[in-house]
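This is what each chain is made of:
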Amino acid sequence: ALDRHFPRCGPCSLCGSDDKRHRLWDALLARHRGGESAASLASDYKLPIAAVLAVLRARPYRRRRRAS
């Protein structure tokens, strides 16, 4: 469901995961946990409400890079 709203973006330069979309998803989830509504998040990020709801339903998480 998330791929429909958020196309793949390439590797994350912060954590090393193979897809940097998690940074947006993490921000949406954190703000929602902080009490913001899905409608407010959709407005702030200029996303369709369906995209925000897909993130909130899926609860994506990032894969952490293993220490070398």
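On a predicted model such as this, the values are computed, not experimentally measured, just so you know.

Chemist: What am I meant to see in the environment of Arg21 here?
Modeler: In this structure, Arg21 sits in the loop between α1 (2–5) and α2 (22–33). Residue Arg21 is classed as buried on the basis of its relative accessible area of 8%. Residues Arg21 and Gly10, spaced 11 residues apart in sequence, show a C-alpha to C-alpha distance of 8.2 Å. Sequence-distant contacts of Arg21, defined by excluding residues within four places in its chain, comprise Leu2, Asp3, Phe6, Pro7, Arg8 and Cys9. A distance of 2.6 Å separates a polar atom in the side chain of Arg21 from a polar atom in the side chain of Asp19.

Chemist: Help me understand the side chain of Asp19 in this model?
Modeler: Tracing the backbone through its elements, the reader meets Asp19 in the loop between α1 and α2. Polar contacts involving the side chain of Asp19 include one to the side chain of Arg8, which spans 2.4 Å. When residues no more than four places from it in sequence are discounted, the contact partners of Asp19 are Arg8, Cys9, Gly10, Pro11 and Cys12.

Chemist: What is the right way to look at the pattern of salt bridges in this model?
Modeler: Opposite charge on two side chains makes pairing possible when the charged atoms of those side chains draw close. One pass over the full model with this rule turns up five salt bridges. A salt bridge links Arg31 to Asp44; its shortest N-O distance comes to 2.4 Å. Of the two residues, Arg31 is situated in helix α2 and Asp44 in helix α3 (residues 38–45); the sequence distance between them amounts to 13 residues.

Chemist: Would you mind showing me how to read unusual backbone geometry here?
Modeler: Only a minority of non-glycine residues have a phi that is not negative, and only a minority of peptide bonds are not trans. Although it is not a glycine, Lys46 sits at a positive phi angle of roughly 55 degrees. Tracing the chain through its elements places Lys46 in the loop between α3 and α4 (49–58). Accessibility expressed as a relative area gives 74% for Lys46, which makes it exposed.

About the cut-offs
Residues numbered from 1 in each chain as written. Predicted model: local features only at pLDDT ≥ 70, side-chain atom pairs only at ≥ 80, totals over all residues. Heavy atoms only, no water. Helix = DSSP H or I, 4+ residues; strand = E, 2+ residues; numbered from the N terminus. Buried < 20%, exposed > 50% of the residue type's maximum accessible area, 1.4 Å probe, protein only. Contact = heavy atoms within 4.5 Å. Polar contact = N/O pair within 3.5 Å; in protein donor to acceptor, adjacent residues only side chain to side chain. Salt bridge = Lys/Arg side-chain N within 4 Å of Asp/Glu carboxyl O.

Taken by themselves, the reported measurements are silent on function.
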